[in-house]
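Inside the fold
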Amino acid sequence: MTKRYGAKTVVDQLSFTAKPGQVTGFLGPNGAGKSTTMRMIVGLDAPTSGDVLVNGKPYVSSKAPLHEIGVLLEARAMHPGRTAVSHLLAIARTNGISRSRVDEVLGLVGLSAAAHKRVGAFSLGMGQRLGIAAALLGDPAVVMLDEPVNGLDPDGVLWVRNLLTGLAAEGRTVMLSSHLMSEVSLIADHLVIIGQGRLLADTTVADLMTAEGVRVVTAAPDELRGLIAGPGVTVTSTGSAEELFVAGTTARKIGLAAASRGIPLFELTPQNASLEEAFMELTHNAVEYEATR
Ligand SMILES: Nc1ncnc2c1ncn2[C@@H]1O[C@H](COP(=O)(O)OP(=O)(O)OP(=O)(O)O)[C@@H](O)[C@H]1O
């Protein structure tokens, strides 16, 4: 899909699939176009070009939309004077959902005791839980949440994680957005990373964390270099006499090669980029608002 507002392209030929049975983390810096994409998924915004399908159909053609996809877009979009129960009942009635299901989802999100409290008095975390309860009302096959862990404490993040991985394990398609890699990597398997509306990576947490290289300190750098060099393996001297930086192979293979010739190794250290670093590396050209130092 592409979405333009006037001259500005907010979503730029973005294409990806969130699959059943897994949690897809939708990541990007502030202003990357995540909310716009999510709004287009449920037909609240129309793409300038391209289209989006939910369970194989355009969402707006759905006859029972809350059963197709449950969404949390604006966590605080609730009437502050209503109780949690009346908020959920109002939504349930639009889709013929029973009162008993309202009680059920309140239990699912841990809000049974606060069911008759006014929403205006809810904490941030309670508001998020109520928003998630609304998303689950129709027992949907797809659950899509915009920044569900925003402002939650570590307990809340853990709760969202268990809930979402549980929903995915039941075979549902789960998608959540965040601008924080650290949060999403705890919850999602599949990562879709965007910057300035463009797809930067469609990957997994494991792949994003693959080793960048191995730092080796050895008594015989030249001999070791000759031994491990080969197609796809690059060996660089770091400037320190005994140190090499090796990319394209594993610490295990380097260790075995050195042992086979009796070459002493003093250090053998895989250097992983942290997820946060990998994310910043991917998105640093795509940050919309940058403070000048
Ligand atoms: N109705 C609109 N009219 C004009 N520009 C808009 C409109 N809605 C969003 N934008 C712009 O589109 C860009 C993407 O916004 P969007 O809210 O989708 O980003 P986001 O990735 O969800 O960001 P955040 O993490 O800050 O919520 C921003 O530059 C925003 O100003």
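Residues numbered from 1 in each chain as written. Predicted model: local features only at pLDDT ≥ 70, side-chain atom pairs only at ≥ 80, totals over all residues.

Per an unreviewed UniProt entry, the recorded name for the protein is ABC transporter ATP-binding protein, and the organism is Actinoplanes friuliensis DSM 7358.

Time to look at the overall build of the protein. Helix and strand content of the protein: 11 helices and 12 strands. Taking 293 residues into account, the globule formula puts the C-alpha radius of gyration at 19 Å, and the protein, at 24 Å, lies well above it. Taking the principal axes of its C-alpha atoms as reference, the protein extends roughly 75 × 45 × 45 Å. A fraction of 70% describes how many contacts in the protein between residues 6 or more apart in sequence connect residues 24 or more apart. (Helix = DSSP H or I, 4+ residues; strand = E, 2+ residues; numbered from the N terminus. Rg over C-alpha atoms; globule rule 2.2 N^0.38 Å. Contact = placed C-beta atoms within 7 Å.)

Bringing the nonpolar core into the picture now. Core analysis: the biggest nonpolar cluster contains 60 residues, and Leu 88, Ala 133, Met 144, Leu 164 and Leu 176 have the highest contact counts within it. Here the element with the most residues in this core is helix H5 (residues 124-136); it accounts for 6 residues. If we ignore the near neighbours within four places in the chain, the residues touching Met 144 are Met 38, Ile 41, Ile 69, Val 71 and Met 175. The next biggest cluster of nonpolar side chains, apart from the first, holds 8 residues, and it includes Val 214, Val 216, Leu 224 and Val 246. (Core = buried A, V, L, I, M, F, W, Y, C linked by C-beta atoms within 7 Å. Buried ≥ 20, exposed ≤ 12 C-beta atoms within 10 Å, placed from the backbone.)

Pairing within the open sheet is mixed, and its 6 strands lie in the order E4-E5-E6-E3-E7-E8. A single partner strand is all that each edge strand has here, and the edge strands are strand E4 (69-72) and strand E8 (198-204). Across the sheet, the axes of successive neighbouring strands diverge by a mean angle of 15 degrees, strand direction being ignored. Two elements, E4 and strand E5 (residues 142-146), share 4 bridges in a ladder whose sense is parallel. (Pairing = 2+ DSSP bridges. Axes fitted to C-alpha atoms, helices over the stretch in contact; angles between N-to-C directions.)

The subject of this paragraph is the confidence of the model for the protein. Across the protein, pLDDT averages 89, with 95% of residues at or above 70. The secondary structure element of the protein with the lowest average pLDDT is helix H11 (residues 275-283), at 75, and the one with the highest is strand E1 (residues 3-5), at 96. (pLDDT = per-residue confidence, 0-100.)

Contacts to the ligand come from 12 residues, most closely from Tyr 5, Asn 30, Lys 34, Ser 35 and Thr 36. Element by element, the count of residues in the shell around the ligand is highest for helix H1 (residues 34-41), at 3 residues. Tallied by class, residues from the shell around the ligand come to 3 nonpolar, 7 polar and 2 charged. (Near = placed C-beta within 6 Å. Nonpolar A, V, L, I, M, F, W, Y, C, P; charged D, E, K, R; others polar.)

Unusually for a residue other than glycine, Gln 13 sits at a positive phi of about 45 degrees. Within the secondary structure layout, Gln 13 lies in the loop between strand E2 (8-11) and strand E3 (23-27). The exposed category is assigned to Gln 13, around which 12 C-beta atoms lie within 10 Å.

Okay, the domain arrangement of the protein next. As far as domains go, the protein holds domain 1 (3-203) and domain 2 (210-272). Each of domain 1 and domain 2 has a C-alpha centre, and the two are 46 Å apart. (Domains from an automatic or database assignment.)

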